[in-house]
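# Coordinate analysis (summary)
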Amino acid sequence: MPIALSNKFFLAGLFLVLAFISRAQPGCIEGRVVDDKNGQPIGDVHVWDNIAEKGSVTDSLGYFKICGENTGKTVIIVSHTAYNESSLVVEKAAGKVHIIKLPRKEMITDEVKVIGKSGGAINRVVPGQNQLKSSELFNLPSVMGEADVVRNLQQMTGIQSVSEGIGGIYVRGGGPGQNRVVLDDMELMNPVHLMGIYSVFNPLTTKRADVFKGHAPASVRSGLSSSILVTSVNPLLEEYQIQGSIGNLAANLTFSWKSEDHKLGVTAGVRRSYLEFYKSVSSLFVTEEENYFSRSFYSFYDFNGKMAYKPSPNTQFLLSWYIGADDFMIDDHEIRYDAGTNYGNRALAFKWRQRLNNGQSFSFTISYSGGWSDFDGEVIDNDLRFSSLHERLSFKNHWLKEEANHLLKFGTDVYLYHTKPQDMNLVMPDDTTRAKDRFKNAAVSLFLEDTYELTSRFKIYAGLRGYYYMVLGPYSYSDSGQSLIKKDGSWVEEDFYWSPSVSIAYAPGSDQEYRLAWSRNIQFMHLAALSSMPLPNDIWMMASPRLKPQMSHQFSLEYNRNWPLFSFTAGAFARWMRNQLIFNVNIDGREMNFEDHFFHGKGRAYGLEVSLKKEVGDLQGGLNYTLSRSERSFNEIFDGEWFNEKFDRTHDLSLQTSYHLNEKWTFNANWIYATGNNMTLPSGRMWMMGTIMNDYDGYNNFRLPAYHRLDLSARLMLRSKIFKESVLDFSIVNVYNRANPYFVFYKVTRGESNYDIDINIAQVSLFPVMPSISWKFKF
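Residues numbered from 1 in each chain as written. Predicted model: local features only at pLDDT ≥ 70, side-chain atom pairs only at ≥ 80, totals over all residues. Heavy atoms only, no water.

### Concerning the pairing of strand β43 (residues 707-718)
Burial analysis of β43 places nine of its 12 residues in the buried class, which makes it a mostly covered element. Bridge count between strand β38 (residues 665-674) and β43: 10 bridges; the pairing is antiparallel. In the strand pairing of β43, threonine 666 is matched with arginine 715. For β43 and strand β44 (residues 725-733), the ladder comprises seven bridges, and the chain directions are antiparallel. What sits directly across from leucine 716, in β44, is leucine 728. (Buried < 20%, exposed > 50% of the residue type's maximum accessible area, 1.4 Å probe, protein only. Helix = DSSP H or I, 4+ residues; strand = E, 2+ residues; numbered from the N terminus. Pairing = 2+ DSSP bridges.)

Have a look at this one:
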């Protein structure tokens, strides 16, 4: 039951942007909030003008601007959860920038505990979780001028740091289909643009991203590997502003507005690539035969936003939306390939939040999300049309109750699924194949969790989520002359599943903590790869009578230690997985049951994670290292022998550093190293009846060379009377031009006779050294 979002919706959003540009802003206070000890800028600080009754939030460089009708002196209140609140009298004067120094709170550990108790997704007991704030998004060198949420997440331990050419996120030995990726209560199936170069999350509208690596609370609901929850800025906490960025590949424009009574607010952003521009420009310098852009086309766009209405202090309504797509086409007659693919997401969510007077609150959410992919083209005299679709409609009612030592959450979720894993039409010179499959499923889920503080040093979390999962018609299956056929909407199969989780946290002192957890996760969705290379056309499939849900057991141990200048985290994890799938592309074409096109197996992953960070002072940085192993076993593949998963990387290391030279210049550097991917390549060849035959001695038996890359960037803050913020970003990706392998293959060249052949290994690399410049602005 898809929900169509028409082009009129986009035009309406653009008209809103144009309408708000014309607002006047007389009598302004402009300033910068910094730490009183080290002078570092503080982002996400709330600044309130008591007389004008207007507020603002500082950006990543600590800047703010509040405009109103009144002039002269006024009283502002400056507050941040980690700093002492400050009130001061300032004068509204054109061109004057006030420097406001905030002192840190002495008992910051207790403050964080209180703030995080009742709000957000963060749980102070569960191990394997990280949070990325908006102020940290621009600390990494940008790729082609665009900061990115997922690239920042990939610097964390347990998450693979290599992204380009890999259309997914890999967490603790899991695959890209084992993550639950959510934007403002909307689950997104395809989380990346440009095959992993960019993510679908607009960095200018993102407030924070929370990551749970296999131990998400029951109220969050986890994928087999992780839950990634991205939250957009709350428009009621933003001032009226327009901001954007222009990079080498794409442009970004966002706006925020709220009513004068602070009850209604809107934030929205639109991004669009302009790679087609290079097609025209490159033709001036490169011949038609050598011009790659003349034979290909790639573009992407996305449009997301949030509308908030707060009629009373205890009531809030939120409307969130996302729509985005990628288009890719290659027309190369030399290799006889003329095809294109289109894939993307569309989603909409409505949420009602209500706080009651007895320490309770509840929320009701209804959301729709859909992911699709289409392929259409001619490949070596074969015409192929292939499309897939996955849609989900959900209803959620969650409750929260706070007591002295308890934080209790409980609720009910209802899900309706519609999946079209394949709609294929293949026309070959001597045959035609037509296949179309459609499935419907439903699930009702109940959960209960409690975070209990036994003492100031000892805390326990326990959660339980139960699923009543149903397979609905239409459904058909044939075996040995027997057929099962169910009509649309009829009952096919049902089952109960349980997902418990337990965590313990012990803090022997205020500066260190131990965490231990066990979770049993259930995931009803499968993602089966069609190729050894990651493609957006891989198949999504819900659990069915012959494709059981994925299940896993994960254990984690974590140690955290804090010093005045440094923080240290070390952890270990182990996970066992059941009901893993691989799509069998070599199955007999006469087989008509879609559920029989898969190999069934099991998996295991284990590893160590170490992180050291310095987040104080002009020189900041971090080291993140993961040592891990991820393996799979399928009875039909080499008699069930364990083999390395394709994206198993033994070592994954990232080093980041940032140096704030002065108010104008900030420098960033990032170096990553990762063990190469695994591929299945022949170990030998032989002649048989005039044909070259390959011989294999294992699955994923060949490991590519290691991946490593150095990125550098410099940020220049420009002073402007027109713009509130104007920043130039200079970046160089892959500074020493490392030819990192994307995949390799054997190239066979025949000589004058059939037995005269030359076999060489060839490597395909995607990105050489790439300099870029981008401009980020706000007014």
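What follows picks up the thread again.
### Notes on the nonpolar core
Core analysis: the largest hydrophobic core is formed by 32 residues, its most contacted members being Tyr469, Tyr497, Phe524, Phe594 and Phe598. Taken together, the elements giving at least two residues each to this core come down to β23 (406-428), β24 (431-453), β25 (458-472), β26 (475-479), β28 (491-509), β30 (525-528), β31 (539-542) and β33 (566-583). Top contributing element to this core by residue count: β31, with four residues. When neighbours within four sequence positions are excluded, phenylalanine 594 is seen to be in contact with Pro421, Gln422, Asp437, Phe439, Ile539, Met541 and Phe583. Counting residues in each nonpolar core, the second largest holds 25 residues, with Met156, Ile159, Phe201 and Ile228 among its members. (Core = buried A, V, L, I, M, F, W, Y, C linked by side-chain atoms within 4.5 Å. Contact = heavy atoms within 4.5 Å.)

### Considerations on the confidence of the model for the protein chain
Within the protein chain, residue pLDDT values average 82, and 84% of them lie at 70 or more. Low pLDDT, under 50, characterises residues 1-25; the predicted model gives this stretch 36 contacts beyond four residues in sequence or across chains. For residues 107-120, every residue scores under 50 in pLDDT, and the model assigns this stretch 20 contacts once sequence neighbours within four places are set aside. (pLDDT = per-residue confidence, 0-100.)

### Describing the packing of aromatic side chains
Each pair of aromatic rings is reported with the distance of its centres and the angle of its planes. Tallied over the full model, the rule gives 29 aromatic pairs. Residues tyrosine 497 and phenylalanine 524 carry aromatic rings whose centres are separated by 5.5 Å and whose planes lie at 75 degrees to one another, so their mutual orientation is edge-to-face. Here the residue tyrosine 497 occupies a position in strand β28, and phenylalanine 524 occupies one in the loop between β29 (512-523) and β30, the gap between them amounting to 27 residues. Considered together, tyrosine 497 and phenylalanine 524 belong to a single accessibility category, that of buried residues. A centroid spacing of 5.4 Å and a plane angle of 80 degrees characterise the contact between phenylalanine 594 and phenylalanine 598, whose relative ring orientation is edge-to-face. For phenylalanine 594, a relative accessible area of 4% corresponds to the buried category. A residue is classified by how much of its surface remains accessible, and phenylalanine 598, at 6% relative accessible area, is buried. Ring-pair connections join several aromatic residues into one group, and the members of that group are Tyr309, Phe317, Phe350, Trp352, Phe362, Trp399 and Phe410. The side chain of lysine 776 reaches across the aromatic face of phenylalanine 138, ending 4.9 Å from its centre. (Phe/Tyr/Trp six-rings, centres within 6.5 Å; stacked < 30°, edge-to-face > 60°. Lys NZ or Arg CZ within 6 Å of the ring centre and 35° of its normal.)

### As for the pattern of salt bridges
One side chain can pair with another of opposite charge once the charged atoms of both are near each other. All told, the structure shown has 27 salt bridges when counted by the stated rule. Of the charged contacts, one joins arginine 392 and glutamate 187 as a salt bridge, the two residues approaching to 3.4 Å between their closest N and O atoms. Of the two residues, arginine 392 sits in strand β22 (residues 382-402) while glutamate 187 sits in strand β10 (residues 186-187), which places them 205 residues apart along the sequence. As far as the burial class goes, arginine 392 and glutamate 187 line up, both buried. Note that arginine 515 is salt-bridged to glutamate 513, the shortest N-O span being 2.9 Å. Each member of the pair, arginine 515 together with glutamate 513, is buried. A single network of salt bridges, built from pairs that share partners, joins Arg604, Arg629, Glu631, Asp648 and Arg703. (Salt bridge = Lys/Arg side-chain N within 4 Å of Asp/Glu carboxyl O.)

### Some details on the pairing of strand β2 (residues 46-49)
With burial as the criterion, only one face of β2 is covered, namely that bearing Val47 and Asp49; the residues His46 and Trp48 on the opposite face remain uncovered. Bridge count between β2 and strand β3 (residues 54-57): four bridges; the pairing is antiparallel. The partner of aspartate 49 across the bridge, within β3, is lysine 54. As judged from the four bridges shared by β2 and strand β5 (residues 72-80), these two strands associate in the antiparallel manner. For valine 47, the partnering residue across the bridge sits in β5 and is valine 78.

### Here we look at the sheet that holds strand β7 (residues 97-102)
Pairing is mixed across the open sheet formed by three strands, whose spatial order is β4-β1-β7. Only two strands of the sheet have a single partner each, and these edge strands are β4 (63-67) and β7. Averaged over all adjacent pairs, the angle separating strand axes in this sheet is 30 degrees, with direction ignored. For strand β1 (residues 28-35) and β4, the ladder comprises five bridges, and the chain directions are antiparallel. (Axes fitted to C-alpha atoms, helices over the stretch in contact; angles between N-to-C directions.)

### Notes on the sheet that holds strand β6 (residues 83-92)
Sheets are built from strands that pair by backbone hydrogen bonding, the pairs being arranged parallel or antiparallel. Strand order across the open sheet formed by four strands is β3-β2-β5-β6, with antiparallel pairing between neighbours. The sheet is open, and its two edges are formed by β3 and β6, each paired on a single side. Taken over all neighbouring pairs, the strand axes of this sheet differ in orientation by 20 degrees on average, direction set aside.

### Considering a nonpolar patch on the surface
Together, Leu264, Met307, Tyr309, Leu319, Phe350, Trp352, Phe364 and Ile366 give the surface a local cluster of nonpolar side chains, amounting to about 610 Å² of exposed area. Mapped by element, the contributors of at least two residues to the nonpolar patch are β18 (296-312), β20 (337-355) and β21 (360-379). Position of isoleucine 366 relative to the elements: it lies in strand β21. (Patch = residues over 30% accessible without salt bridge, like charges linked within 9 Å, V, L, I, M, F, W, Y side chains within 5 Å. Areas by Shrake-Rupley, 256 points an atom, 1.4 Å probe, with all protein chains shown as cover.)

### Digging into the environment of aspartate 44
On the secondary structure map, aspartate 44 appears in the loop between β1 and β2. For aspartate 44, a relative accessible area of 17% translates into the label buried. Residues aspartate 44 and tyrosine 63, 19 residues apart in the sequence, show an inter-C-alpha distance of 9.7 Å.

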